[in-house]
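# Structural characterization, general
Each chain, written out:
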Amino acid sequence: MLLGFRFSPFVKRVEWALKFKGIEYDYVEEDLTNKSTLLLTSNPIHKKVPVLIHNSNPIAESLVIIEYVDETWKRNPILPQDPYERAMARFWANFIEQKSITSFSELLDSPYH
């Protein structure tokens, strides 16, 4: 089960990873203005989405979830096996994430939003 919010880029990242790996899952849309008891008990530290609940165990934070998914389901690895190629993939993923966050922040600061 994935607890999420449809407009969250962090939830989308987890959804893409699950779909890439071919993993079926139930999705629960969270109302972030009225967080569910399930979300608050599944992520009591940050109280944020996404949270993946697998075998009754909650996993929080998108990058942690993706690593968990990749290690748990071996089919269709997300990262390359070679350590250098894996490092380069992480570098570019981080680069894209930073650019996306900057662009999103600029959009929110824009008088046109």
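Right above here is the structure, for reference.
All figures in this text were calculated on a predicted structure; none of them were measured in a lab.

Strand order in the open sheet formed by four strands is 2-1-3-4, and the pairing between neighbours is mixed. Looking at the sheet topology across the chains shown, the edges are occupied by strand 2 (27-29) and strand 4 (57-60). Across this sheet, the average inter-strand angle for adjacent strands is 20°, counted without regard to direction. With four bridges connecting them, strand 3 (residues 51-54) and strand 4 associate as antiparallel partners. Directly across from isoleucine 53, in strand 4, lies its bridge partner proline 58. On the sheet, helix 1 (residues 9-21) packs against strand 1 (2-4) and strand 2 and is oriented at approximately 150° with respect to strand 1.

Let us look at helix 1. Its 13 residues give helix 1 an end-to-end C-alpha distance of 18 Å, which sits within 8% of 18 Å, the value for a rise of 1.5 Å per residue. Among the residues of helix 1, Val11, Arg13, Val14, Glu15, Ala17, Leu18 and Lys21 are the ones counted as buried. The opening residue of helix 1 is serine 8, an N-cap whose side-chain oxygen sits 3.2 Å from the backbone nitrogen of phenylalanine 10. Glycine 22 sits one or two residues past helix 1 and shows a positive phi near 75°.

About the thresholds
Residues numbered from 1 in each chain as written. Predicted model: local features only at pLDDT ≥ 70, side-chain atom pairs only at ≥ 80, totals over all residues. Heavy atoms only, no water. Pairing = 2+ DSSP bridges. Helix = DSSP H or I, 4+ residues; strand = E, 2+ residues; numbered from the N terminus. Axes fitted to C-alpha atoms, helices over the stretch in contact; angles between N-to-C directions. Contact = heavy atoms within 4.5 Å. Expected span 1.5 Å × (residues − 1). Buried < 20%, exposed > 50% of the residue type's maximum accessible area, 1.4 Å probe, protein only. Polar contact = N/O pair within 3.5 Å; in protein donor to acceptor, adjacent residues only side chain to side chain.

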